[in-house]
Amino acid sequence: MVIISFKKSRKIGRNCFSLTGQIFSVKNNNLIEFESQLERNLTYLLERRCDVSMYCEQPIQIEYFDGKIKRKYIPDFYVQYQDGSQEIIEVKYEKDLLEKKDFLELKFKAAREFCSSNNLTFKILTEKEINTPRMFNSKFLANYKTPRFRTNLGDIEYILDTLDKLEGTTVTDLINACSFDENRRAELLFHLWYLVSNYLINFNEEEKLSMNTLIWK
């Protein structure tokens, strides 16, 4: 059985060539570090997905041979799903996959063999799979899931009660139905995004969220 360590296998430091930083994961109750924009964006996706039970970055160290030279490969993410399945994910831009194909293939071959022997799957994700409307939604809603400002239970109940009375409504129509006052609508919109971010109001997550998005309970 493979053991995934929550003590990162490789330290992520600052560098001037790519975006690095940290995101607090509500799902893991921990900071997740990233060293590229793609890694950051995937973190938002994993955080939003209901089928993901937990995940961590820089999870394991896989050893392999490049000719007679022993090398080490540390994939980007480990993901555990609600159904018990586990996955190792490598994040790469398509350009890098093409330009470094021969160098990377040795690493990926070692990762596939390792995963096959340990009841894991190995996946490579590029900007095509990550930078999607779902990612935009996940990043936007992350700001509202655990807001810095206190929510008002009365406003939450009022929005949900109003939504119950409407059919096929949009974000704009719901807010307008709740109040004619511009400042009041701004307060209610904050609470509406809070409800959406916590799955109490639903929408089509495959389409980019906007004020014209169709919503329902």
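Residues numbered from 1 in each chain as written. Predicted model: local features only at pLDDT ≥ 70, side-chain atom pairs only at ≥ 80, totals over all residues. Heavy atoms only, no water.

Asks: Describe the pattern of salt bridges, naming the residues involved and giving the relevant values.
Replies: All chains considered together, the criterion is met by 13 salt bridges. When the shortest N-O distance is used, the salt bridge between Lys-92 and Glu-90 registers 2.6 Å. Residue Lys-92 is classed as buried on the basis of its relative accessible area, which comes to 19%. Classification of Glu-90 by relative accessible area gives buried; the value is 2%. (Salt bridge = Lys/Arg side-chain N within 4 Å of Asp/Glu carboxyl O. Buried < 20%, exposed > 50% of the residue type's maximum accessible area, 1.4 Å probe, protein only.)

Asks: Break down the sheet that holds strand 8 (residues 121-125) for me, with residues and values.
Replies: The mixed open sheet is built from four strands, whose spatial order is 3-6-7-8. The open sheet has two edge strands, strand 3 (52-57) and strand 8, and neither has a second partner. The average undirected angle you get between the axes of adjacent strands in this sheet is 25°. In the packing of helix 1 (residues 37-48) onto the sheet, contacts are made with strand 3, strand 6 (77-81), strand 7 (86-91) and strand 8, and the angle to strand 6 comes to roughly 10°. (Pairing = 2+ DSSP bridges. Helix = DSSP H or I, 4+ residues; strand = E, 2+ residues; numbered from the N terminus. Axes fitted to C-alpha atoms, helices over the stretch in contact; angles between N-to-C directions. Contact = heavy atoms within 4.5 Å.)

Asks: Break down the packing of helix 6 (residues 153-165) against helix 8 (residues 182-197) for me, citing the residues and quoting the values.
Replies: The relative placement of two packed helices is expressed as an angle between their axes plus a distance between the axes. It is the contact of helix 6 with helix 8, at a shortest axis distance of 10 Å, that shows an interaxial angle of 80°. Looking at the two axes, helix 6 sits roughly perpendicular to helix 8. Residue-level contacts link Asp-155, Ile-156, Tyr-158, Ile-159 and Leu-160 of helix 6 to Arg-184, Leu-188, His-191, Leu-192, Tyr-194 and Leu-195 of helix 8. Its residues placed into classes, the contact of helix 6 with helix 8 shows eight nonpolar, one polar and two charged. (Parallel < 35°, antiparallel > 145°, perpendicular 65-115°, else oblique. Nonpolar A, V, L, I, M, F, W, Y, C, P; charged D, E, K, R; others polar.)

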